[in-house]
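# Geometric and topological summary
Residues per chain, in single letters:
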Amino acid sequence: MSNPVRKRIGIRRRRRAAVIVCVLVVLLLVTLLSVQTLQTLSVIRRGDNDRVKIMQAREVLELGRYVNWSEVESQELSVAIPDSIDEESDIASNNARSAVLERLTNENDSNATTRLVARFPAGEAGEVTTTLDENHE
């Protein structure tokens, strides 16, 4: 009589162990998928931030095309770019990021190429550098 009882207890323990293993595997898969989702969202957000910085640096570079460089003492110009502008008073907010415009001329080259370089936000982590060759527009 004890032999059939032992078999039933053994079967129940094995079933419980199998259920526990299945639950642990499902939890492991859910955790891995959650981590992967968070990493993907982080990469997408970082890409969006980089894209915004690149567009802002291009706008600063476009601003540099309209600077009269003959009146600038050095061939480097630092500009404070406001984060936002108050529409009512047209006053820039106190938060401003610096941008550096630099005009490089290669006089040794027979074509005398001129290049504009914009760094935005200058001196901060994640600084983006864009370049425009004025002769190849």
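See above for the structure.
Let me sum up the structure you'll find in this document. (Residues numbered from 1 in each chain as written. Predicted model: local features only at pLDDT ≥ 70, side-chain atom pairs only at ≥ 80, totals over all residues. Heavy atoms only, no water.)

Our next topic: the environment of A118. Counting through the fold element by element, A118 comes out in strand β3 (residues 114-120). A118 sits 58 residues away from V60 along the chain, and the two C-alpha atoms are 6.6 Å apart. Leave out the neighbours within four places in its chain, and A118 touches A57, V60, L61, V100, L101, V128, T129 and T130. (Helix = DSSP H or I, 4+ residues; strand = E, 2+ residues; numbered from the N terminus. Contact = heavy atoms within 4.5 Å.)

Taken together, the side chains of R12, R13, R15 and R16 present a region of like positive charge at the surface. Position of R16 among the secondary structure elements: in helix α1 (residues 2-65). (Patch = residues over 30% accessible without salt bridge, like charges linked within 9 Å, V, L, I, M, F, W, Y side chains within 5 Å. Areas by Shrake-Rupley, 256 points an atom, 1.4 Å probe, with all protein chains shown as cover. Salt bridge = Lys/Arg side-chain N within 4 Å of Asp/Glu carboxyl O. Lys, Arg positive; Asp, Glu negative; His and termini not counted. Charge placed at Lys NZ, Arg CZ, Asp CG, Glu CD.)

Strand order across the open sheet formed by four strands is β1-β2-β3-β4, with antiparallel pairing between neighbours. Edge positions in the open sheet fall to β1 (76-82) and β4 (128-133), since each of these has one partner strand only. Between one strand and the next, the sheet's axes are offset by a mean angle of 20°, whatever the strand orientation. Where strand β2 (residues 96-105) meets β3, six bridges bridge the pair, whose relative direction is antiparallel. Looking at β3, one finds that E102 is bridged to V117. (Pairing = 2+ DSSP bridges. Axes fitted to C-alpha atoms, helices over the stretch in contact; angles between N-to-C directions.)

This part takes up the pairing of β2. Bridge count for β1 against β2 is seven bridges, and the pairing is antiparallel. Following the sheet pairing, I81 is matched in β2 by R97.

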